[in-house]
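Fold and contact review
This is what each chain is made of:
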Amino acid sequence: MADRRAGGAPAGEVLPPGLRQGARPLPRWAALLGGAAQCLWGLPQTLAGLAAYAVCRAAGCPGACWRGRVVTVWRRKAGASLGLFLFVPGDPAPDARLLVHEYGHSVQSLALGPLYLPVIFLPSACWLALPPLRRLRRETGRSYYDFYTERWANRWGEKATGCPAMGRARID
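Residues numbered from 1 in each chain as written. Predicted model: local features only at pLDDT ≥ 70, side-chain atom pairs only at ≥ 80, totals over all residues. Heavy atoms only, no water.

Points about the packing of helix H5 (residues 96-112) against helix H6 (residues 116-129)
Contact geometry for H5 and H6: axes closest at 9 Å, N-to-C directions at 160°. By the criterion of interaxial angle, the relationship of H5 to H6 is roughly antiparallel. Residue-level inspection shows His105, Gln108, Ser109 and Leu112 of H5 in contact with H6, the latter providing Tyr116, Val119 and Ile120. Grouping the constituent residues of the contact of H5 with H6 by class yields four nonpolar, three polar and no charged. (Axes fitted to C-alpha atoms, helices over the stretch in contact; angles between N-to-C directions. Helix = DSSP H or I, 4+ residues; strand = E, 2+ residues; numbered from the N terminus. Parallel < 35°, antiparallel > 145°, perpendicular 65-115°, else oblique. Contact = heavy atoms within 4.5 Å. Nonpolar A, V, L, I, M, F, W, Y, C, P; charged D, E, K, R; others polar.)

Describing the nonpolar core
Within the largest apolar cluster, 20 residues are counted, with the highest numbers of intra-cluster contacts made by Leu15, Trp66, Val71, Val88, Leu99 and Tyr145. Contributions of two or more residues to this core are made by strand E2 (63-66), strand E3 (69-74), strand E5 (85-89) and H5. Sort the elements by how many residues they give to this core and H5 lands first, with five residues. Setting aside residues no more than four positions away along its own chain, Val88 makes contact with Val71, Thr72, Val73, Trp74, Gly79, Pro94, Leu98, Leu99 and Glu102. Counting residues in hydrophobic clusters, the runner-up holds nine residues, among them Cys56, Cys61, Val70 and Phe85. (Core = buried A, V, L, I, M, F, W, Y, C linked by side-chain atoms within 4.5 Å. Buried < 20%, exposed > 50% of the residue type's maximum accessible area, 1.4 Å probe, protein only.)

Description of the confidence of the model for the chain
Confidence in the prediction for the chain averages 86 pLDDT; 87% of positions are at 70 or higher. Within the model, the stretch residues 1-11 combines pLDDT values under 50 with 33 contacts to residues more than four positions away or in other chains. (pLDDT = per-residue confidence, 0-100.)

Quick look at unusual backbone geometry
Positive phi, close to 55°, is recorded for Arg67, a residue that is not glycine. Along the chain, Arg67 turns up in the loop between E2 and E3.

Observations concerning the side chain of Gln38
Considering the arrangement of structural elements, one finds Gln38 in helix H3 (residues 28-41). The contacts of Gln38, once residues within four sequence positions are left out, are Leu43, Thr46, Arg69, Gly83, Leu84, Ser106, Ser109 and Leu110.

With respect to the packing of aromatic side chains
Counted according to the given criterion, the structure contains seven aromatic pairs. Where Trp66 meets Tyr103, the ring centres are 5.4 Å apart and the plane angle is 70°; that geometry is what we call edge-to-face. Here Tyr103 lies in helix H5 and Trp66 lies in strand E2, a separation of 37 residues in the sequence. For the pair Trp66 and Tyr103, a shared accessibility class is recorded, and that class is buried. Taking 5.1 Å as the distance between ring centres and 80° as the angle between the ring planes, the aromatic pair formed by Trp152 and Trp156 counts as edge-to-face. Taken together, the residues Trp152 and Trp156, both in helix H8 (residues 148-161) and four residues apart, mark about one turn of the helix. Above the ring of Trp74, the side-chain terminus of Arg76 is found at 5.4 Å from the ring centroid. One Lys or Arg, Arg137, reaches over the ring of Trp127 and ends 5.2 Å from the middle of that ring. (Phe/Tyr/Trp six-rings, centres within 6.5 Å; stacked < 30°, edge-to-face > 60°. Lys NZ or Arg CZ within 6 Å of the ring centre and 35° of its normal.)

Dropping the structure here:
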């Protein structure tokens, strides 16, 4: 389903060029089956993602479908994944590696179902935002992507798409 339009700008204008050509194809049946599973097994995070998507679309954020997920380019500095919905910053343009990473989180959501929010989303948000943890990362030279939730998302995103994720990129 790469390059399909989901409202807003055409997918070619939303998705980074490396993902428009380089990602391993996802069969349509896999996208449909995965979407149904996310809506059932991952219902809490998919509903939260749907609400965030509605707010973003009302604010004029562009979106596209990619590999059975709804990708929205939003005005925040960090990415997020909530079930079927991936949110990536787009200033100046979406980072293909970050989109692969967020796709990895969506695979975690599919695997963990209702446990995704307490096992992945909340620890990840704390690791990103809490000042003592930000200070720890700075003082020890650790990457945000060294945390278990982020390493795991990188690994699964790369395996699922065939494209590189964030590695040990520094974000603060």
